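Breakdown of the fold
This is what each chain is made of:
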Amino acid sequence: MLSSSASCSSSFTAEEGKMAASESDRDPTSALCSEFLNFSAKDTATWWLAAADLQHEVYHHLAVYVPRILCLGPSGVGSSREEQREELACQLLLLAPLEWFLLGEEPAARLAQLQQNNQPSPLCGHVFKVGEPTYSCRECAADPTCVLCMQCFLGSVHKNHRYRMTTSGGGGFCDCGDTEAWKKGPYCQKHTPTDNSRDTEEDPVAQLPTDMVARGYSIFSIILKYAVELLTWEQEDQLPEGLEPPERGDTYYCMLFNDEVHTYEQVIYTLQKAVNCSQKEAISFATTVDRDGRKSVRYGDFQFCEQAKSVIVVSTADLTRPLRVQVMHSSVVAHQCFALKALSWLGQIIQYSDGLRRILCQVGLQKGPEGENSSLVNRLMLNDSKMWKGARNIYHQLLMNSLLMDLKYKKIFAIQFAKSYERLQSDYVKDDHDREFSITDLSVQIFTVPSLARMLMVEENLMTTIIRTFVDHLRHRDLQGRFQFDRYTAQQAFKFGRVQSLIGDLKYVLISHPTEWNDQLRLKFLGGLDAFLELLKCMQGMDPVMRQVGQHIEMEPEWEAAFTLQMKLTHIISMIQEWCSTDKRVLIEAYRKCLSALSHCHSGLSDGEQPISLSLAGHCVETFRYQVSQDKVSIHLPVCRLLAGLHVLLSRTEVASHFPEQLPLGELSPPLLIELPLRCLVLCAQVHAGMWRRNGFSLVNQIYYYHNVKCRVEMFDKDIIMLQAGASMMDPNHFLMIVLSRFELFHIFSSADVRKRYREANKDVVQQNNTLIEEMLHLIIMVTGERYVAGVGQVEPFDEVRREIIHQLSIRPMAHSELVKALPENGNKETGLERVIDSVASFKKPGVTGRGLYELRPEWNRYFNLYFYHYSRADQSKAEEAQRKLRRQNGEDTALPPPPPPPFCPLFASLVNLLQCDVLLAVEGAVLQWAVEPSGGGWTESMLQRVLHLVGMALLEEQQQLENNSGDEDVTFNYTSKITRPGEAPSTSGSVLALLESLQNAPHLEVHKDIITWILKMVSNIKTMRERTSSTSMVNISPGQGLEEMVRDKDKAERKRKAEMARLRREKIMAQMSEMQKHFINENKELFQQTVEELEASTSAAAENSPPSLESTCVSQVCVGPKRVSGAERRQLVTCILCQEEQEVKGHGKAMVLAAFVQRSTVLSKNRHRNLPDPEHRDPLFMHPDLSLGIHTASCGHIMHATCWQRYFEAVQLKEQRRQQRLRGHTSYDVENGEFLCPLCECLSNTVIPLLPHVHSADRSVDHPSLEVWLKTTNQQIAALHSSHGNRSDSAAEEAEPAVPDGFRVDVIPQNPFSSSISEMITTFSMSTYKVGLKVNPNEQDHRVPVLSWSTCAFTIQSIEHLLMDEEKPLFGSLPCRQDNCLSSLTRFGSACWTAAPLKTVHTHFIRLLAALVSDSQVDATLCILDIDMFHLLVYSVLSYSSVHSLDQSGQSVVDSAHLHLLHLVTVAHLVQILLTSNTEEVCMDQDTGGSQEEELTCQLYNTLRKHLGSVLPEVSSGWQLWRCVKAGVLPFLRATALFFHYLNSTAPPADLLVAGPSQWEALCSYLSLPSNLLQLHLSHHTLLEPLIHRWCCHPGVRETLQGGGVIIRFPRESNRLIDLPEDYSVLINQASSFTCPRSGGDKSRAPTLCLVCGSMLCSQSYCCQTEVEGEDVGACTAHTFTCGAGLGLFLRVRESQVLFVAGKTKGCFYPPPYLDDYGETDQGLKRGNPLHLCLERYRKIERLWRQHAIAEIIGHAQEANQTLVAIDWQHL
Ligand SMILES: [Zn+2]
Ligand SMILES: [Zn+2]
Ligand SMILES: [Zn+2]
Ligand SMILES: [Zn+2]
Ligand SMILES: [Zn+2]
Ligand SMILES: [Zn+2]
Ligand SMILES: [Zn+2]
């Protein structure tokens, strides 16, 4: 321990020394200055031109300069000046000579000229940055990897097509101009070739002057060689020959390399220890290492660097492997650094000319001296995995800019790439970097070009190479050579993960199938198929399972790897089939190969087994002795399934119908073909039946995926097809017997004894067998009924998709994305949904919430098949219920008969005979026979239902055959006659038909009655048809539907009867229900009572608060001043939601409280950049008019006893304390901060507001003093207070004792009007606003406590006034009850809270407030009136005045006159404020000077102001304009004031203010007891006000502010809106993609996030931008909320298309974004890529939530609803 710390400290001093030394050694500017001046690039180039050995000269130049320019010391954190210097020196000393040499003259001019003469290739080739939007056309792109950049897309035809938008992961380029990439419209406007475009065949080099060509070759080859040498250089201390520096210092770098093994935390921790840096530096190092792949972490002499290296290596050695560190000589680092710059330079130079580009291509691909694979490009590629990330990125980009942009060299490069394919992939698999940083990732650029892929396949045997390379990497096999994934180790799994990218390559090669075949291609493709079959053989039968009996399985086997492989191969298998389908010869040959592969797999299947013989219903068959429940079985059968796929393809060719003898069938007997798929299906059935419970979840998961939409196409679906194929080649009876035997059910149907034994067996076994029988019947339904695969049935692919959609929509209406998810995608990520959807469904648009839904059109209901094979059991029962309900609603019977099936293709035609074969009839007969007996567990409803379905299918088949029969031949399908035959052994009863007839009226089968009736009707119809055809064979047969209708017509009466029955049944049920309800109410009487009372309480509250409108129309209402009218003195009764007791609100009663939530708010802020002073020293007495931080209070309106609430809150606290020990802090509310959920509505709350009684009516017996008198009195009172407080200044002390007005007694202690419980609650709420508002700990002694209580009252009123204004609602009467309650209790509380504070404190506040307007010699340093929000001033002074008034014992004055005078004073001050800040620069059209009195007076006041301020105020001639300004500016103040006095004095509002409208002004003024010409206020107290105005104007702050010394707040203050968002979402993505992290030097941000409040883009969820806030590291979003939103924020996460709400550090939730696709859905996570457009209504809704201060509540509800949200580290976003 000791030694390590010692070494640490010594290294510290050493480092200090080194740093200092290196700092002084190099003074870069002066050292290089003379070089700069003396150096001439032109001369150097001339010198080189004459040189005999150019490479020698160039190398010498580089050897001299590179170490002197680059990497001169500890590359400090972000020293941009240093970087600029390096950049400049590089350009001037190193690159400029190269340019001069190449171009032969002034580079800039020559390059411009080159570019002008260049006829560029039509390829765009724009290389994508991380996060940049890319577009792909779903109609025209050859495959989904073909993309356009935004610019090209906007100029292309595809912007009007169906397109997909994604964000690029970086790398890759725009395919605009590539004719192979687009089926249509390959060029955008910009890249459309013009007539004089160069012929693509022409050599662009010929366009260049020959001397330049020669110089180009020589300089390019030297520079490229130099770069390649250095990037692949592995020595740390030496340089290649010719590059050794002239002077070599002992200067080294300790270079740390990136790996994907160590975490950020590990690296940061290690670095802090090893190089003794701060955490911040360590983070910066780690970030750079991760981004660039390496970073020097120390600079100094060799010893010094070695030391750091060994610390790093030692301290990471105990991890999986140590971090890679190298000590490198500074000159090596410098040259490597320049090598990268040189490569970038090459990349730039070739952009000017296609000729130069081709020269570079040629140089790069020229064979080196070592022959094959020795070109410079080859050397780079082969060393790819050894290079660091930064180097790889730069040369990959160069390859894209050069080789891939030149059509000729792209091909040559492709061949090189393919030749090295195996080696490159092996390197990649061993490497640990992500694929995007590997050269192998270029495969997407090459293999997706169909012509290249085809060429590589033919010439380089690419398909085989890829598959073999892949198989080679999976060496873990079992004894039979099959893959063995079930015991994979972590390392194997990791490698497997990397190898999978090869499947991606294979997919690229196969993604577009050839339009033309030749023999070469056939040969290579079939060769590839051979390799592929080898791969499939390794999968056939892998990971087999064995049924576990007795004990539960010990260890769950690993199953995911095998399924991952299957899933990845799904598209490949489908694509191979697609290829085969395009060529008959290939198809037949592929079928042969596949068949022989399968024979190979089957060898040994039946070895040494004696066949067993089965007989039933007069038929006999031999089969294996095999039981799924006792032998090994595997779910992986890819060879069988590929064969099934090919079989269907064969069936679609004309070979199948015309030359069946040519088909390569028959090498395997049909029973062998069906054997394995059948086992797999039986396995599923047994798992359903619960027979495999002990095998654990691994098997359940496998079965799930087997049926899942991602896998089923090449698993489950193909197994069904294989059974169909096998059955079609077999005797149906034999097929069924084998099925019965595999299901282990044979004996139940063949022997009555066995059957009897089973029925008497234990319940589990019976149930098991019942399930198995159901599954078996379902399988037969599927084998005979699933005909929607083209090739099996006579349908088109279109029909198949349509049928899927019909069945999805039969479950319920669905959104577009749900449908997409339910359909399998092809390799192009298409489902075919769009082509079909409109024909079967109608679209319903979404509202402001929810999403658009598709609903099935009713005419498609008849295609509903209850046994649709892709339904899960849950889907099936939901669909059944929905369909029955629908039919009932339409007044139809509820039978769900099978839908009419399409006919089979010839190859499968014989399958229909299954429906009428003897064995099936025997099975049907048996089940029907069992169903006769109602009791006993021997059969199930679903079993019967399935049998009835099968019967129905057979009848439909017969009917169709009869209808389609032209009469030439007999209809061989004769089910109707077969079911009349009497039953055979073992069922001894009557015929199937007879059984059906007897079941029709069985009372226990009521549910099945409708379908049985349907069946019997069908039977009789068919009989009629047959009779008719036999008598007159040419009679027209009515079409199927007509027939069906006939059946239905006859049924009408029956249906009516049933409807009546149903009605009676419903009534009975209703009666029962209401009985039950009564019972329930009796039992839960309290609860019920409570809800009823709540309802009453809320309505009564509303009634009390809703203004009595009739009353108000007759009397003119005044809410302030001596003439005010008070609300009727009513007893105010409220009910506690907790104890349900009623309580009157009284000053001396029990305290009642309102649950409330107090929060800081910046919603009204007009200045988001204001820095708030330290909370301990903040003086909140004056609110700045920018309203930058307010305190908002909201309430859900629920009332409790204070004591009830306290008990409740204590219980919550206790519960939380107990819970936190287990699950710390996992709640949506923070108990430690006083938060709780309202016990009734679960609304987030953090305090309670006490309810206080009404104030009394104004006392009209007392005189109302004039303003002058009142002011004089008040001044005297204040003087008295000053002297009693003893805080008078020295000068004041000399003055005479002030005259104290009569009855004013400073020593009076007013009586507290409130009971102790109310006082306590007043303190509680005061403390909450204090604590939240200032973010400090509670302190009841703080003099600021009452100010914050007043503040929340004023601010809440102000914000509600804004809301009402914005929503154009009337000022009164439109607030919801809860807000009304909240404002009223807040205001009454505000007027009473002074009683809880020391009198002196409140007096001092009042004195200071008044002094802001009226001079008071004893208060110094008053504020400039432009820095005061007048509404807050009014509210504070009115509320604090009561405390002064309480000392007046004279009884001669009333508070009301004081309120009115205060209002008048403040209003005048506000008018002055408005005039001072009025924006008069607006030119007014109306110069009409015939002004009204208002206008004249306004001008008068304005001129007074100008008198004081002079030219600071512009001259305004139009009084009209000024008056308009004043009126608009003062209106919000008046409205807020009206609200305030309304709640303070409980005065009913006038009728005019109950509606929104123009007559507001007069009504407002009169309600507020103000003259409607407000300027009258000024005029009537002219002499009094003049000196005040003079004082206001002469405050130095006024002049300063108006002359631009600060933000001028103008009135009216407009409401803040959220920022404007673009209509098209991709604009945002584009913006975000060019956004770079502000901390890590030009790096792309990974999670760019937009603040919706101020529009800042932030680098969220990333180490680089973490900041410390209040002692904790938080992410950029959280940090931003503290400056922008007082801890609350609304963001848009651009890459995710997700709105993020955060509150504080621990709370947040996601919210649906306001962007919708055409299907009315959001795309959170941008997964689907449909174009997104702004939905303004939704955005406005978010904005409203913000303005209403409802975000915190939304978060609370979201977290309550979804517990996982609580666990997210919101603070790191
Ligand atoms: Zn482009
Ligand atoms: Zn283009
Ligand atoms: Zn298109
Ligand atoms: Zn109570
Ligand atoms: Zn509530
Ligand atoms: Zn912001
Ligand atoms: Zn960042």
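As shown above, the structure is provided for reference.
I will try to describe carefully the structure that is included in this document. (Residues numbered from 1 in each chain as written. Chains lettered and ligands numbered in written order. Predicted model: local features only at pLDDT ≥ 70, side-chain atom pairs only at ≥ 80, totals over all residues. Heavy atoms only, no water.)

**Topic: the sheet that holds strand β22 (residues 1698–1703)**
Our working rule: When DSSP finds at least two bridges between two strands, those strands are taken to pair. Strands are runs of DSSP state E lasting at least two residues, helices are runs of H or I lasting at least four, and both sets are numbered from the N terminus onward. With axes taken as lines fitted to C-alpha atoms, and helix axes fitted only over the stretch in contact, angles between N-to-C directions fall between 0 and 180 degrees. Contacts between residues were defined by any pair of non-hydrogen atoms, one from each residue, lying within 4.5 Å.
One open sheet accounts for five strands, arranged β18-β17-β21-β22-β23; its pairing is antiparallel. At either end of the open sheet lies a strand with only one pairing partner, and these are β18 (1657–1659) and β23 (1707–1711). Along the sheet, successive strands turn relative to each other by an average axial angle of 30°, direction set aside. Across three bridges, the pairing between strand β17 (residues 1648–1651) and strand β21 (residues 1688–1693) is antiparallel. In the strand pairing of β21, Leu1650 is matched with Leu1692. Seen against the sheet, helix α64 (residues 1676–1684) touches β17, β18, β21 and β22 and runs at an angle of roughly 135° to β21.

**Examining the pairing of β21**
Going by this rule: For the exposure calls, accessible area comes from a 1.4 Å probe over protein chains only, and a residue counts as buried if that area is under 20% of its type's maximum, exposed if over 50%, partly exposed in between.
Counting buried positions over the six residues of β21 gives six, a clear majority of the element. Sheet analysis places β21 next to β22, joined by six bridges and oriented antiparallel. Bridge assignment links Gly1689 to a residue of β22, and that residue is Val1702. Taken together, β21 and the strand that follows it, β22, pair antiparallel across an intervening segment of four residues, in which Ser1697 is found at a positive phi of about 50°.

**A look at the pattern of salt bridges**
The following threshold applies: For this document, the term salt bridge refers to a Lys or Arg side-chain nitrogen within 4 Å of an Asp or Glu carboxyl oxygen.
Using the criterion set out here, one finds 59 salt bridges in the structure. With its nearest N and O atoms 2.9 Å apart, the salt bridge here joins Asp237 to Arg248. In this pair, Asp237 is assigned in the loop between α8 (210–231) and β3 (252–257) and Arg248 in the loop between α8 and β3, connecting sequence segments eleven residues apart. Judged by its relative accessible area of 30%, Asp237 is partly exposed. In this structure, the salt-bridge partner of Lys593 is Asp530, at a minimum N-O distance of 3.0 Å. Note that Lys593 is positioned in helix α25 (residues 584–602) and Asp530 in helix α23 (residues 519–539), a separation of 63 residues in sequence. Note on Asp530: relative accessible area 32%, which makes it partly exposed. Three or more residues joined by partner-sharing salt bridges are found here, namely Arg138, Glu139, Arg162, Arg164, Glu830 and Glu834.

**With respect to the coordination of the zinc ion (ligand 5)**
The cut-off we apply is this: Water is not part of the atom set, so a site may look incomplete; the donors themselves are N, O and S atoms within 2.8 Å of the metal, or 3.2 Å for Na, K and Ca. Any coordination sphere not matching a tetrahedral pattern (four donors, all angles between 85 and 135 degrees) or a square planar or octahedral pattern (four or six donors, opposite donors over 155 degrees apart, other angles between 65 and 115) is reported as irregular.
Note on the zinc ion (ligand 5): its protein donors are Cys1196 (SG), His1198 (ND1), Cys1238 (SG) and Cys1241 (SG). The metal-donor distances range over 2.0 to 2.3 Å. Every donor counted, the four donor atoms about the zinc ion (ligand 5) form angles of 108 to 112° at the centre, which fits tetrahedral coordination. In the primary structure, the donors to the zinc ion (ligand 5) are separated according to the pattern C-x1-H-x39-C-x2-C. Of this pair, His1198 sits in strand β13 (residues 1190–1201) while Cys1238 sits in the loop between β14 (1236–1237) and β15 (1244–1245), and the two are 40 residues apart along the sequence. Take Cys1238: its relative accessible area is 1%, and that puts it in the buried class.

**Focus on the packing of α25 against helix α26 (residues 638–652)**
Condition: These descriptions rest on fixed angle ranges, namely under 35 degrees for roughly parallel, over 145 for roughly antiparallel, 65 to 115 for roughly perpendicular, and the rest for oblique. The handedness criterion is simple: a crossing whose near helix is rotated anticlockwise from the far helix by less than a right angle is left-handed, and one whose near helix is rotated clockwise is right-handed. Asp, Glu, Lys and Arg are counted as charged, while Ala, Val, Leu, Ile, Met, Phe, Trp, Tyr, Cys and Pro are counted as nonpolar; the rest, among them Gly, fall into the polar class.
Their axes nearest at 9 Å, the elements α25 and α26 cross at an angle of 150°. On the basis of the axis angle, α25 is roughly antiparallel to α26. Relative to α26, α25 is oriented so that their crossing is left-handed. Across the interface between the two elements, Leu587, Ile588, Ala590, Tyr591, Cys594, Leu595, Ala597, Leu598 and Cys601 of α25 pack against Val639, Cys640, Leu642, Leu643, Leu646, His647, Leu649 and Leu650 of α26. Tallied by class, residues from the contact of α25 with α26 come to 16 nonpolar, one polar and no charged.

**Overview of the environment of Arg1168**
The following threshold applies: Here a polar contact means two N or O atoms within 3.5 Å. Within protein one must be a hydrogen donor candidate and the other an acceptor candidate, and residues neighboring in sequence count only if both atoms are side-chain atoms.
Here Arg1168 lies in the loop between β12 (1152–1161) and β13. Beyond its immediate chain neighbours, meaning those up to four positions away, Arg1168 contacts Thr1162, Val1163, Asn1616, Val1653, Cys1654, Thr1683, Cys1684 and Trp1746. A polar side-chain atom of Arg1168 sits 3.0 Å from the main-chain carbonyl oxygen of Thr1162. In terms of polar contacts, Arg1168 uses its side chain to reach the backbone carbonyl oxygen of Cys1684, at 2.9 Å.

**Side note on the environment of Tyr163**
Relative to the helices and strands, Tyr163 resides in strand β2 (residues 163–169). With a relative accessible area of 8%, Tyr163 lands in the buried category. Separated by 1566 residues in sequence, Tyr163 and Gly1729 place their C-alpha atoms 8.3 Å apart. Setting aside residues up to four positions removed in sequence, Tyr163 forms contacts with Tyr135, Ser136, Cys137, Arg138, Phe153, His158, Gly1729, Asn1730 and Pro1731.

**Some words on the packing of aromatic side chains**
Quick note on the threshold: By convention, a stacked pair of Phe, Tyr or Trp rings (six-membered ring in the case of Trp) has centres within 6.5 Å and planes under 30 degrees apart, an edge-to-face pair has planes over 60 apart, and any other such pair is tilted.
In total, this model carries 45 aromatic pairs according to the counting rule given. With centroids separated by 5.7 Å and ring planes inclined at 70°, the aromatic side chains of Phe39 and Tyr65 adopt a geometry described as edge-to-face. One end of the pair, Phe39, is in the loop between α2 (28–38) and α3 (41–50); the other, Tyr65, is in helix α4 (residues 54–69), and 26 residues separate them in sequence. Here Phe39 matches Tyr65 in class, with each residue buried. Where Tyr421 meets Phe447, the ring centres are 6.0 Å apart and the plane angle is 45°; that geometry is what we call tilted. Residue Tyr421 is found in helix α17 (residues 421–430), and its partner Phe447 is found in helix α18 (residues 443–447); the two are separated by 26 residues along the sequence.

**Details of the sheet that holds β12**
Ordered in space as β13-β12-β16, the three strands form an open sheet in which the pairing is antiparallel. Each edge of the sheet is formed by a strand with only one pairing partner; in this case those strands are β13 and β16 (1247–1250). Strand-to-strand twist of the sheet, defined as the mean angle between neighbouring strand axes without regard to direction, takes the value 40°.

**Quick word on a positive patch on the surface**
Going by this rule: A patch consists of residues exposed above 30% relative accessible area that lack any salt bridge, with like charges linked at up to 9 Å and nonpolar side chains (Val, Leu, Ile, Met, Phe, Trp, Tyr) linked at up to 5 Å. For the area figures, the Shrake-Rupley method with a 1.4 Å probe applies, and any residue is considered shielded solely by the protein chains shown. Two residue types count as positive, namely Lys and Arg, and two as negative, namely Asp and Glu; His and chain ends fall outside the count. Taken as the charge centre is NZ of Lys, CZ of Arg, CG of Asp or CD of Glu, depending on the residue.
Among the surface-exposed residues, Lys430, Arg475, Arg477 and Lys495 lie close enough to one another that they form a single positively charged patch. You can see Lys430 is positioned in helix α17. Overall, the relative accessible area of 68% leaves Lys430 in the exposed class.

**Here we look at the packing of helix α35 (residues 797–811) against helix α37 (residues 833–840)**
Relative to each other, α35 and α37 sit at 60°, their axes nearing to 9 Å. The orientation of α35 with respect to α37, classified from their angle, is oblique. Note on packing geometry: the crossing formed by α35 with α37 is right-handed. Facing Phe798, Val801, Arg802, Ile805 and Ile806 of α35, the residues of α37 in contact are Leu833, Arg835, Val836, Ile837, Ser839 and Val840. Here the contact of α35 with α37 is built from residues that sort into eight nonpolar, one polar and two charged.

**Digging into the state of the cysteines**
Here is the rule: A pair of cysteine sulfur atoms is labelled a disulfide when the two atoms are within 2.5 Å.
On inspection of all chains with the given rule, the structure shows zero disulfides. With no disulfide of its own, Cys1677 lies 8.4 Å from the sulfur of Cys1651, the closest cysteine sulfur. Cys1677 sits in the buried class, given a relative accessible area of 0%.

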